[in-house]
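Below are the chains, spelled out letter by letter.
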Amino acid sequence: MSTKGAIMRIFPEIPEFGEVDFSQYSTPYAAMLMAFLESGKAGLREFEEFIEENGGTKADVGKFLISVFQYLLIRYRRYGDENVEVPAFKVFLTLKGWLNEHGFENDYRRLLHSFVGYLVDIAGKIAERSDCEIGPAYMKTAYLLTIEAGETFGGEYFSELRTKAGEMLAKVYKNCGIEEVLHEKRENGC
């Protein structure tokens, strides 16, 4: 029984976790993870219910999810681990939905503020190694996150990041022969 196995059970839709090294991951929820793994249940909703049935709270689930995301980013930044790129991106998108759905919007905004730059970088690397269906999807999602960050926080950094992500997306589109043009807002309403 392993932490990795439990995490893969919680996120069955992210098979890329199979390539991630969790040997340095530490969590105060280790006992609950092992109990969840042994329960035979699977999926985030089932994990959330399991935690609540065993005395935990939605806040505990959120803290756990954030800790997984942060661990993936540490492996990415500190060790240059390419195996965490896709899982980190997918976990962030899961966090976006889960945190906002459960009333933790401030936690989501903090994550967006702190990590959107890394997500743009990660999406660019995924796009470089992916086919012309997957690559543009990741890069466009990262670009949309920069728009959200810019509208939420304002400031020069987010404006520059949005421009950078837009340029990266345009390059991915060009390399894939995609004719879509990025338009912020058209002045003439067309």
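Residues numbered from 1 in each chain as written. Predicted model: local features only at pLDDT ≥ 70, side-chain atom pairs only at ≥ 80, totals over all residues. Heavy atoms only, no water.

Of regular secondary structure, the protein possesses eight helices and zero strands. The order of helices and strands in the protein, counted from the N terminus, is α-α-α-α-α-α-α-α. Against the compact-globule benchmark of 16 Å for 190 residues, the protein has a radius of gyration of 18 Å, which places it among compact chains. When the backbone C-alpha atoms are referred to their principal axes, the protein occupies close to 55 × 35 × 30 Å. Relative to its full complement of 190 residues, the protein shows a buried share of 42%. Taking the contacts inside the protein whose residues are at least 6 apart along the sequence as the reference set, 65% of them involve residues at least 24 apart. Approximately 10,100 Å² of the protein is accessible, and the part contributed by carbon and sulfur atoms is 49%. In the protein, which carries 22 positive and 30 negative side-chain charges, the distance between the mean positions of the two groups comes to 2 Å. (Helix = DSSP H or I, 4+ residues; strand = E, 2+ residues; numbered from the N terminus. Rg over C-alpha atoms; globule rule 2.2 N^0.38 Å. Buried < 20%, exposed > 50% of the residue type's maximum accessible area, 1.4 Å probe, protein only. Contact = heavy atoms within 4.5 Å. Areas by Shrake-Rupley, 256 points an atom, 1.4 Å probe, with all protein chains shown as cover. Lys, Arg positive; Asp, Glu negative; His and termini not counted. Charge placed at Lys NZ, Arg CZ, Asp CG, Glu CD.)

Turning our attention to the pattern of salt bridges. Where charged atoms from two side chains of opposite charge come close, those side chains can pair. Inspection of the entire model under this criterion finds eleven salt bridges. Here Glu48 ties to Lys58 by a salt bridge, and the two come within 2.5 Å at their closest N and O atoms. Of this pair, Glu48 sits in helix α3 (residues 44-53) while Lys58 sits in helix α4 (residues 58-79), and the two are ten residues apart along the sequence. Assessed through its relative accessible area of 28%, Lys58 is described here as partly exposed. In this structure, Lys125 and Asp121 form a salt bridge, with 3.8 Å as the shortest nitrogen-oxygen distance. Here Lys125 and its partner Asp121 are both found in helix α6 (residues 105-129), four residues apart, which amounts to about one turn of the helix. (Salt bridge = Lys/Arg side-chain N within 4 Å of Asp/Glu carboxyl O.)

Chemically, a disulfide is nothing more than a covalent bond linking the sulfur atoms of two cysteines. If you walk through the whole model with that rule in mind, you get one disulfide. A sulfur-sulfur separation of 2.2 Å characterises the disulfide bridge that pairs Cys132 with Cys176. An S-S torsion of about -85 degrees defines the bridge between Cys132 and Cys176 as left-handed. Taken together, the residues span a long stretch of sequence, with Cys132 in the loop between α6 and α7 (134-153) and Cys176 in helix α8 (residues 156-176) at a distance of 44 residues. Assessed through its relative accessible area of 41%, Cys132 is described here as partly exposed. (Disulfide = S-S within 2.5 Å.)

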